[in-house]
Amino acid sequence: MGVTDTLSRGRERVGVPVGTLLVGLFAAVLAVDLVLKLLGVDAGMLGGTLGFERFLSNIWTGLVIGMVLGLGGIGLSMTYSILNFANFAHGDLLSVGGFTGWGVAYVVAGLGAVPVGELILVRAAGDATPGQIGAHVLTTPGALFAGLLVAALATGLLSVGLDRVVYKPMRDRSGIALLIASVGVALALRYLVVFFYGSRNRGVTASVEGSSVDLFGLLTVSAHQLAAVLAAAVLMAAMHFLLQRTKLGTAMRAMADNKDLALVTGIPTERIVTATWFIGGGMAGAAGYLTVMYQGAIAFDFGWQLLLLIFAAVILGGIGSIYGAISGGLIIGLVFALSTVWIPADFNEAAAFAVMILALLFRPQGLFSGVTTA
């Protein structure tokens, strides 16, 4: 009797697919190995030890990344659940939000020190440095808050404009046509960013002495990381309130459920579509702005580079569900950060995508299957 026959008979007896058993066994091995590493025991093939401080640092890094991915995934899930197409321009909305928001933050923080034209293009002109401009959450909190608001508003309005010009005339066509159009929009946005802001990667946040925050004596984190997590949490809570406690949220959930029935019952569907684009785009812009905040640097294509991770988070959580997007983002973020315990950091994206592939194989409907915008 071969191994395959043995596994098949085992599956028949326990009622669990072989693939699920193997994935569960692999996860159990990693969990045991992680515990051994934390206890300082060399575990043979997966040997080596792991300090508790490094473990907490990885968890925190995964939380920061996951919160931003979840925030970015909200808009993607909203547009999919109501308009039923995957928007590949969503990643470049993060880039637009990052540049517009930080341009405003620079103007507010450095007004008078550097020419406004340079500040709004997120450049430290002449001999001025980001530190001299003072773009830091502890020294110029008002500037950074203004930048966050502008990032959300600018990308929200841009999303509505793109819908009017590109997507609305194509709304009755197939999803493939809309998807290809969104790829074209993504390329157009990316190179408009290059045209206005340049292609040079640059640091944007100031370095302030003593700006680290001690969390309960267990972990030291940067103020910008903490601010990004808190801001993302507030925006997620606001989205929950909007969807569950307002008429607009009720109408959006009805649209996600059955667009034709929503139209028959008198819901102004076109207004709901506009609101969906505005809110989804705003969440993307805020996610892009917060990404730059915790990373401390900005590049013209950073949103495009994040898009696949956002898709992974949305697919893992269940595309169409904002709660699935948030949960999927947190899982992808934690896998991204914790995978470096076993593999080099250059391969942590591969680990995140591996989790997405496993989800597609064993639970293609996602963790929050059947839960759409609600």
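From a predicted model like this one, the values you see are computed outputs, not experimental measurements. (Residues numbered from 1 in each chain as written. Predicted model: local features only at pLDDT ≥ 70, side-chain atom pairs only at ≥ 80, totals over all residues. Heavy atoms only, no water.)

J.: Quick question: what am I supposed to make of the nonpolar core here?
T.: A general trend in soluble globular proteins is that nonpolar side chains are found buried together. Grouped together as the largest cluster of nonpolar side chains are 99 residues, with contacts concentrated most on Leu71, Ile74, Trp102, Met239, Tyr289 and Leu290. Among residues more than four places away in sequence, those in contact with Leu290 are Val68, Leu71, Leu148, Ala228, Ala231 and Ala232. By size, the runner-up hydrophobic cluster in this structure holds 5 residues, among which are Leu34, Leu50, Leu338 and Val341. (Core = buried A, V, L, I, M, F, W, Y, C linked by side-chain atoms within 4.5 Å. Buried < 20%, exposed > 50% of the residue type's maximum accessible area, 1.4 Å probe, protein only. Contact = heavy atoms within 4.5 Å.)

J.: I keep staring at the environment of Gly161 and nothing clicks. Help me out?
T.: Considering the arrangement of structural elements, one finds Gly161 in helix H7 (residues 141–167). In this structure the C-alpha to C-alpha distance between Gly161 and Thr274, which are 113 residues apart in sequence, comes to 9.4 Å. (Helix = DSSP H or I, 4+ residues; strand = E, 2+ residues; numbered from the N terminus.)

J.: In this structure, what is going on with the packing of H7 against helix H8 (residues 175–197)? I would like to understand it.
T.: A pair of packed helices is captured by two measures, namely the crossing angle of their axes and the spacing between those axes. Packing of H7 against H8 brings their axes to within 12 Å, and their N-to-C directions diverge by 130 degrees. Classed by the angle they form, the pair H7 and H8 counts as oblique. The crossing of H7 and H8 is right-handed. Facing H7, whose interface residues are Leu158, Leu162, Val166 and Tyr167, H8 presents Leu178, Ala181, Ser182, Val185 and Leu189. Among the residues forming the contact of H7 with H8, the class breakdown is 8 nonpolar, 1 polar and no charged. (Axes fitted to C-alpha atoms, helices over the stretch in contact; angles between N-to-C directions. Parallel < 35°, antiparallel > 145°, perpendicular 65-115°, else oblique. Left-handed = near helix turned anticlockwise from the far one by under 90°. Nonpolar A, V, L, I, M, F, W, Y, C, P; charged D, E, K, R; others polar.)

J.: Help me understand the pattern of salt bridges in this model?
T.: Think of it this way: side chains of opposite charge can pair up when their charged atoms draw near. Throughout the structure, instances matching the rule amount to 6 salt bridges. When the shortest N-O distance is used, the salt bridge between Glu270 and Arg164 registers 3.7 Å. You can see Glu270 sitting in helix H12 (residues 269–295) and its partner Arg164 sitting in helix H7, a full 106 residues away along the chain. Residue classification places Arg164 among the partly exposed positions, given a relative accessible area of 35%. Each of Asp163, Arg164, Lys168, Arg171 and Glu270 takes part in a single network of salt bridges with overlapping partners. (Salt bridge = Lys/Arg side-chain N within 4 Å of Asp/Glu carboxyl O.)

J.: What should I look at first to understand the packing of aromatic side chains in this one?
T.: Working definition: an aromatic ring pair is given by the centre-to-centre distance plus the angle between the planes. Counted under the stated rule, the structure contains 7 aromatic pairs. Relative to Phe311, the ring of Phe88 has its centre 5.0 Å away and its plane inclined at 35 degrees; by these criteria the two rings are tilted. Here Phe88, found in the loop between helix H3 (52–83) and helix H4 (90–110), pairs with Phe311, found in helix H13 (residues 302–317); they are 223 residues apart in sequence, far enough to count as distant. Pairing Phe195 with Phe196 gives two aromatic rings, centres 5.1 Å apart and planes at 90 degrees, and the pair type is edge-to-face. Given the relative accessible area of 64%, Phe195 is considered exposed. Of the residues examined, Phe196 reaches a relative accessible area of 47% and is grouped as partly exposed. Taken together, the ring pairs in this structure connect Phe85, Tyr167 and Trp277 into an aromatic cluster. For Arg190, the ring lying beneath its charged end belongs to Trp304, and the centroid distance is 4.2 Å. (Phe/Tyr/Trp six-rings, centres within 6.5 Å; stacked < 30°, edge-to-face > 60°. Lys NZ or Arg CZ within 6 Å of the ring centre and 35° of its normal.)

J.: I'm lost on helix H15 (residues 348–362) in this one. Help?
T.: Each turn of an α-helix holds 3.6 residues, which means side chains three or four residues apart point in the same direction. With 15 residues, H15 extends 22 Å from end C-alpha to end C-alpha; this agrees with the ideal 21 Å at 1.5 Å per step. When H15 is considered as a whole, its buried residues turn out to be Asn348, Ala351, Ala352, Met356 and Ala359. Taken end-on, H15 shows its buried residues confined to a sector of 145 degrees, consistent with a single buried face. Looking at the buried side of H15, the elements it contacts are H13 and helix H14 (322–338). (Expected span 1.5 Å × (residues − 1). Arc of directions from axis to C-beta.)

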